[in-house]
Amino acid sequence: MDLDLVWEAIPLIWKGASTTASLTAWALVLGTIGALILALMRLSSIKPFRWFAAGFGWLFRGIPLLILLFFAFFALPDLNIGIVDGILLEPFQAAVVALSIWTAAYQAEVIRSGIIAVDPGQAEASEALGMAKARYMRRIIIPQGVRIMIPPYTSNAMTLLKQTSLATLVTVPEMTLLTQRLFSNDFQFRERIAALALLYLAMTTVFVVIQQVTERTFRLKV
Amino acid sequence: MALVNVSGLRKSFGKTDVLKGVDFQVERGEVISIIGPSGSGKTTMLRCVNLLERPTGGRIEVDSRVLCEEQANGSMTFADKAAIREAREHIGMVFQRFNLFPHMTAVENVIEAPIAVKNVPKPEATARAHELLEAVGLGHKGDSYPMQLSGGQQQRVAIARALAMDPTLMLFDEVTSAVDPELAGEILLVMKRLAEQGMTMLVVTHEMGFAAEVADRVLFIDHGRIVEQGPAADVLQNPSHERTKAFLHAVLDRAPMEAEVEEAAEGLVDDLLVRPERIGGDDDGS
Ligand SMILES: Nc1ncnc2c1ncn2[C@@H]1O[C@H](COP(=O)(O)OP(=O)(O)OP(=O)(O)O)[C@@H](O)[C@H]1O
Ligand SMILES: [Mg+2]
C-alpha cells in the first residue's frame, strides 16, 4: 500500500466530510427532538400517545435504513395523500429525513429506558412534596436518567455517522461518494478506501471523546 | 375537627385485598404509631393518606380537604391533580429508603420543593434550609451529596426536606429500618423533638420504645384491619386482643434473641475477618 496515495486522498475526500458532518448533525438534532417527544409519549398516561410512539418504534426500527432512504427520495414525489401531492426532496433533504426518522426511533428507546431505570422512589418523593410532573421530570428524573443514557446514546450517534454513507446511494456528495468517484477514476482502491476509513475513524473518535467528557460531567459527585 | 379523617378505607392490588375497611382519625398535634406484622398493610395505609396509593374504597379527608370519596354506587371520586398537589404540600412524608435526590447537595434537596411548588425566592429558601439542617444536627453538612452521608444523616436530611414545606402532618414509614441500629437513635431523637413541638405525626414503626415513649396513641393493624387502637400505654402493656398480644410477644421476645445472635456472631468474628471478600466490603453494600 502506498501511504502517499492515502495522504493525498484525504484532502480530496475532505470536501465530502463537511456534508457527512452536516448530515449527521441535522439528523442528530432533529432525531433527538423527535426521540424526546416519542419517549415522553411512550411514558405518558394517554393511550393513543403510547400506541403511536410504540408503533413508530416498531415500524422504523424494523425497516432497513436504506429502504427509508429510497422511500424519502424516490417514493415521496409519487405520494398522494389528501392535499399533499407528492413531495420532491433534494438528495440531501431526503437523506436528512430518513436519517432523522431512524435516529428518532432508536434514541427514543434509549431515552425511555434511561428514564424508567431511575429509581421510582425519586418520582414518589417528588410527588409527595407536591411537585408537578413536568417540574420533577426536568429537575429530578431526566438529570439522573441522562447518566444512564449517555453510553447507548453515543453508540447510536456513532452508528448514525457511519450510516450517512448510505446517502451515497441517493447521490448525496458525502465522503463515501467522493471516494467512489476517486477510485473509479484511478483504481487505487486500497489507498482511497483506507483514507476514507481513517476519516470515519477520526470523526467517530470525536464522539468517543464527547462521551468521556459528558460521563464525567454527569457522574455523581462523591 | 380531626386533622385526618379516614373511613372505610379499602385498597386492593388486583385480587389481593390489602386494606379491608380501615377507620381512624388523627387530631391536630397527635402522634400515632402504627404497628403490626410484616405485610399487614401499614405502608399501604400510610401511602393512601397522601394518595401515593389510590384507594379502591372509602373516604380520606385531610385538613378539611376531601382527597377521595366512595360514591353510593361504589365508584371512587378523587380530587383533581392540582388539588392533590395542593394537599401534598401540607403532608410531609419520610420514606424507609430516604429517596433523597442523589444529584443534589443536602441544601439543594431541601430547597427544591419550596422553590418549585411555593415559589419561595432562592435566598430565603436557602436560609431556611440551613436552619432546618441545623435543627436536625447537620448544619455542617449542607454541601454534602447524599452518597457522602451515612444512612442516619441522609434520613435526617429527608426529614428536613419534608419540613421545608411547612407541613401540618408528617408521615413516617419505618424510617429507621434501613439504617444501622446505632444510627437509628439520632433519627428517633429528631422525631421526638418534632413531636414535642406539636407536629401531627403518623409513624409506622417497629421501634416499640418510640411508640411507648412518644406516641399518644397506638394503632395495631393486622391483615388489613385495625385490630386495636388506644393510648400507647394501654395497647402496649395491656393489649385486649389475642393477635395484639401475640404480635407484641413476638416483637418483645426478639430482644433476647438479638442478644443471642450477637453472642453467636461474636464467635464468628474471627472467621469472618479472614474471608477476603469481607474485607473492606462492609459498608452496607451502598
Ligand atoms: N404495589 C403492590 N402490588 C401488589 N401487592 C402489593 C403492592 N404493595 C403492597 N402489596 C402487598 O400488600 C400487602 C401489604 O403490604 P404493605 O407494604 O402495606 O405491608 P407492611 O405492613 O408495610 O409490611 P412491612 O412491615 O413488611 O413493611 C403485602 O402482602 C404486599 O405484598
Ligand atoms: Mg412497610
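Conventions adopted
- Counting of residues starts from 1 at the beginning of each chain's written sequence and follows it residue by residue.
- For this description, chains carry letters from A and ligands carry numbers from 1, given in the order in which they are written.
- The predicted origin of the model limits local features to residues at a pLDDT of at least 70 and limits the giving and counting of side-chain atom pairs to 80 or more, whereas totals for whole chains, interfaces and linings rest on all residues.
- With hydrogens and water set aside, each side-chain value is computed from the structure's full complement of heavy atoms.
- The patches reported here contain residues having more than 30% relative accessible area and no salt bridge. Joining distances are 9 Å for like charges and 5 Å for nonpolar side chains (Val, Leu, Ile, Met, Phe, Trp, Tyr).
- We get accessible surface area from the Shrake-Rupley algorithm with a probe of 1.4 Å; when it comes to residues, only the shown protein chains can shield them.
- Just to be clear on terms, a salt bridge is a Lys or Arg side-chain nitrogen sitting within 4 Å of an Asp or Glu carboxyl oxygen.
- Comment: elements are numbered from the N terminus, with helices defined as DSSP H or I runs of at least four residues and strands as E runs of at least two.
- Note on pairing: two strands pair once DSSP finds at least 2 bridges between them.
- To obtain an axis, a line is fitted to C-alpha atoms, over the contacting stretch when the element is a helix, and the angle between two such axes runs from 0 to 180 degrees between their N-to-C directions.
- When checking whether two residues touch, look at their non-hydrogen atoms; a contact exists if any pair is within 4.5 Å.
- Two N or O atoms form a polar contact when they lie within 3.5 Å of each other; inside protein one atom must be a possible hydrogen donor and the other a possible acceptor, and for residues adjacent in sequence the pair counts only when both atoms belong to side chains.
- Only protein chains enter the accessibility calculation, which uses a 1.4 Å probe; a residue is then buried when its area is under 20% of its type maximum, exposed when over 50%, and partly exposed in between.
- Read the arc as the range of directions from the helix axis to the C-beta atoms.
- Buried area: the accessible area, evaluated with a 1.4 Å probe, that two parts lose upon being put together, summed over both parts.
- Residues are grouped as follows: nonpolar covers Ala, Val, Leu, Ile, Met, Phe, Trp, Tyr, Cys and Pro; charged covers Asp, Glu, Lys and Arg; every other residue, Gly included, is treated as polar.
- Aromatic rings from Phe, Tyr and Trp, with only the six-membered ring used for Trp, were paired whenever their centres fell within 6.5 Å, and each pair was classed as stacked if the ring planes differed by under 30 degrees, edge-to-face if by over 60, and tilted otherwise.
- For a ring to carry a charge above it, either NZ of a lysine or CZ of an arginine must fall within 6 Å of the ring centroid while also lying within 35 degrees of the normal to the ring plane.
- Orientation labels follow simple angle bins: below 35 degrees gives roughly parallel, above 145 gives roughly antiparallel, 65 to 115 gives roughly perpendicular, and whatever is left gives oblique.
- Whether a residue is near a molecule or strand depends on its heavy atoms: it is near if one of them lies within 4 Å of it.

Chemist: Tell me about a nonpolar patch on the surface, and please be specific about residues and values.
Modeler: Taken together, the side chains of Trp26, Val29, Leu30, Ile33 and Ile37 of chain A define a hydrophobic patch exposed on the protein surface, amounting to about 490 Å² of accessible area. Tracing the backbone through its elements, the reader meets Ile33 of chain A in helix α1 (residues 3–43).

Chemist: Can you lay out the sheet that holds strand β9 (residues 200–204) of chain B for me, pointing to particular residues and giving the numbers?
Modeler: Residue and element names in this part refer to chain B. Taken in spatial order, the 6 strands make up an open sheet running β7-β8-β9-β3-β10-β11, and their pairing is mixed. Strand pairing shows two members of the sheet lacking a second neighbour, β7 (91–94) and β11 (225–231), which therefore form its edges. Ignoring strand direction, the axes of neighbouring strands in this sheet form an average angle of 15°. Two strands pair when backbone bridges link them, and strand β3 (residues 31–35) and β9 are joined in this way by 4 bridges, in the parallel orientation. Paired with Ile34 across the bridge in β9 is Val204. Packed onto the sheet, helix α5 (residues 151–163) meets β7 and β8 (169–173) and runs at close to 170° relative to β7. On the sheet, helix α6 (residues 181–196) packs against β3, β8 and β9 and is oriented at approximately 145° with respect to β9.

Chemist: Could you give me a rundown of the side chain of Lys11 of chain B, with the residues and numbers involved?
Modeler: Its place among the elements puts Lys11 of chain B in strand β1 (residues 4–13). Looking at Lys11 of chain B, its side chain comes within polar contact range of the main-chain oxygen of Arg54 of chain B, at 2.7 Å.

Chemist: Quick rundown of helix α3 (residues 65–75) of chain A? Include the residues and the values.
Modeler: Residues and elements named next belong to chain A. Considered for burial, the residues of α3 that qualify are Leu65, Leu68, Leu69, Ala72 and Phe73. The arc enclosing the buried residues of α3, seen along the axis, measures out at 120°, which places them on a common side. Those residues of α3 that are buried are in contact with α2 (47–62), α4 (91–116) and α6 (133–163).

Chemist: Which residues make up the interface of chain B and chain A, and what values go with them?
Modeler: Across the contact, 27 residues belong to chain B and 20 residues belong to chain A. Interface of chain B and chain A: buried area, both sides summed, is about 2,100 Å²; carbon and sulfur atoms make up 62% of it. Counting across the interface, chain B meets chain A through 4 salt bridges. Applying the counting rule to chain B against chain A returns 7 residue pairs in polar contact (both at pLDDT 80 or more). Elements that contribute at least two residues to the side of chain B that touches chain A include exactly α2 (81–89), β7, α3 (106–118) and α5 of chain B. It is α3 of chain B that provides the largest number of residues to the side of chain B that touches chain A, a total of 5 residues. Looking at the side of chain B that touches chain A, its residues break down into 16 nonpolar, 4 polar and 7 charged.

Chemist: Kindly report on the environment of Leu28 of chain A, identifying the contributing residues and their values.
Modeler: Residue and element names in this part refer to chain A. Tracing the chain through its elements places Leu28 in helix α1. A relative accessible area of 16% places Leu28 in the buried class. Through-space distance from the C-alpha of Leu28 to that of Leu161 is 9.1 Å; in sequence the pair is 133 residues apart. Those residues within four positions of Leu28 in sequence are excluded, and the remaining contacts are Thr103, Gln107, Tyr153, Ala157, Leu160 and Phe207.

Chemist: Describe the packing of aromatic side chains, naming the residues involved and giving the relevant values.
Modeler: Each aromatic ring pair is characterised by the separation of its centres together with the angle its planes make. Tallied over the full model, the rule gives 8 aromatic pairs over all chains. Ring centres of Phe52 of chain A and Phe56 of chain A lie 6.2 Å apart, and the angle between their planes is 40°; this geometry places the pair in the tilted category. With Phe52 of chain A and Phe56 of chain A both in helix α2 and 4 residues apart, the pair spans about one turn of that helix. Judged by relative accessible area, which is 48%, Phe52 of chain A ranks as partly exposed. Following the ring pairs from residue to residue traces out a cluster consisting of Phe52, Phe56 and Phe60 of chain A. In this arrangement the basic side chain of Arg54 of chain B is found over the ring face of Phe78 of chain B, its NZ or CZ atom lying 3.9 Å from the centre. Just above the ring of Phe101 of chain B sits the side chain of Arg161 of chain B; from NZ or CZ to the centre is 4.6 Å.

Chemist: I'd like a rundown of the packing of α6 of chain A against helix α8 (residues 189–218) of chain A, residues and numbers included.
Modeler: Residue and element names in this part refer to chain A. Close contact between α6 and α8 brings their axes to 10 Å; oriented N to C, the two are set at 180°. With respect to α8, the axis of α6 lies roughly antiparallel. Taking contact as the criterion, the partners of Pro143, Val146, Arg147, Ile150, Pro151, Thr154, Ala157, Met158, Leu161 and Lys162 in α6 are, on α8, Tyr200, Met203, Thr204, Phe207, Val208, Gln211, Thr214, Glu215 and Phe218. When its residues are assigned to classes, the contact of α6 with α8 shows 12 nonpolar, 4 polar and 3 charged.

Chemist: Any details on the sheet that holds strand β6 (residues 76–78) of chain B? Residues and values, ideally.
Modeler: Residues and elements named next belong to chain B. Strand order across the open sheet formed by 5 strands is β2-β1-β4-β5-β6, with antiparallel pairing between neighbours. Two strands in the sheet have a free side with no partner beyond their single neighbour: β2 (16–26) and β6. Strand after strand, the sheet turns through a mean of 20° between neighbouring axes, direction not considered. The pairing of strand β4 (residues 57–62) with strand β5 (residues 65–70) spans 3 bridges and is antiparallel. Bridge assignment links Val62 to a residue of β5, and that residue is Arg65. Sheet strands in contact with helix α1 (residues 42–49) are β1, β2, β4 and β5, and its direction is about 60° off that of β2.

Chemist: Let's hear about the site of ligand 1: which residues, and what values?
Modeler: Residue and element names in this part refer to chain B. The environment of ligand 1 is formed by Phe13, Val18, Pro37, Ser38, Gly39, Ser40, Gly41, Lys42, Thr43, Thr44, Glu174 and His206. Between ligand 1 and Thr43, the relevant distance is 2.6 Å, taken from an oxygen atom to a side-chain nitrogen or oxygen of the residue. Between ligand 1 and Glu174, the relevant distance is 3.2 Å, taken from an oxygen atom to a side-chain nitrogen or oxygen of the residue. Expressed as a share of its isolated accessible area of 630 Å², the protein-covered part of ligand 1 is 57%. A total of 3 residues in the shell around ligand 1 trace back to one element, the largest contributor, which is α1. Among the residues forming the shell around ligand 1, the class breakdown is 3 nonpolar, 7 polar and 2 charged.

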